[in-house]
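Given next are the chains, with one letter for each unit.
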Amino acid sequence: MREILDILVKNKIICKKLQEIKLNTKKKIKAYLGVNIKNEYCFILVLDRKSRILRKDIEEFLKLLPDINFRYKKKILITKAPICSKALELIKDWRVIWY
């Protein structure tokens, strides 16, 4: 959790509240719901993998979103792995942070 906060602060995203949610998946995914200083709701997805993130992986993550409340306007993806160009097109409204 501390690493995530450090990454967010480096990218000028400061959340007042941040809580981890459990996802029903076997992959190494962590998800957080938070509220930033401007009172905007944020959905933060952290992928801890080294291999390339493909379009099918992104489609799986997007299936998780309907379970989460629709009011989350800021969507942030934090990852170490490179992302396929077709996958980037699917998440063009997301903010992607590489660390």
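Residues numbered from 1 in each chain as written. Predicted model: local features only at pLDDT ≥ 70, side-chain atom pairs only at ≥ 80, totals over all residues. Heavy atoms only, no water.

Enquirer: Any chance you could break down the side chain of N36 for me, citing the residues and the numbers?
Expert: Along the chain, N36 falls in strand β2 (residues 29–36). Within the structure, the side chain of N36 is placed 3.1 Å from the backbone nitrogen of K38, a separation counted as a polar contact. Polar side-chain contacts of N36 include one of 2.9 Å to the backbone nitrogen of E40. The contacts of N36, once residues within four sequence positions are left out, are I14, C15, K16, C42 and K74. (Helix = DSSP H or I, 4+ residues; strand = E, 2+ residues; numbered from the N terminus. Polar contact = N/O pair within 3.5 Å; in protein donor to acceptor, adjacent residues only side chain to side chain. Contact = heavy atoms within 4.5 Å.)

Enquirer: Would you mind going over the sheet that holds strand β4 (residues 74–79) in detail, with residue names and values included?
Expert: Taken together, 5 strands build an open sheet; the order of strands is β1-β2-β3-β4-β5 and the sheet is mixed. Of all strands in the sheet, those bounded by a partner on one side alone are β1 (15–21) and β5 (95–98). The average angle at which neighbouring strand axes cross in this sheet is 25 degrees, direction not considered. Relative to β2, β1 is paired through 6 bridges, and the arrangement is antiparallel. Within β2, the residue paired with I21 across the bridge is A31. (Pairing = 2+ DSSP bridges. Axes fitted to C-alpha atoms, helices over the stretch in contact; angles between N-to-C directions.)

Enquirer: So what about the pairing of β5? Which residues, and what values?
Expert: In terms of strand pairing, β4 meets β5 through 4 bridges, oriented parallel. Residue L77 lies in a different strand from β5, and its bridge partner there is V96. Regarding the hand of the β-α-β motif, the stretch spanning β4, helix α3 (residues 85–90) and β5 is right-handed. (Right-handed = clockwise from strand over helix to strand, strands pointing away.)

Enquirer: Can you lay out the state of the cysteines for me, pointing to particular residues and giving the numbers?
Expert: Here the structure, examined in full by the defined rule, presents 0 disulfides. As a non-bridged cysteine, C15 has C42 as the owner of its nearest cysteine sulfur, 4.5 Å distant. Judged by its relative accessible area of 18%, C15 is buried. (Disulfide = S-S within 2.5 Å. Buried < 20%, exposed > 50% of the residue type's maximum accessible area, 1.4 Å probe, protein only.)

Enquirer: Give a description of helix α2 (residues 55–64) that names residues and reports values.
Expert: Three or more residues of α2 are buried, namely D57, I58, F61 and L64. End-on, the buried residues of α2 take up no more than an arc of 105 degrees, which puts them together on one face. Those residues of α2 that are exposed and angled more than 90 degrees off the buried face are K56 and K63. Looking at the buried residues of α2, the elements they touch are β2, β3 (41–47) and α3. (Arc of directions from axis to C-beta.)

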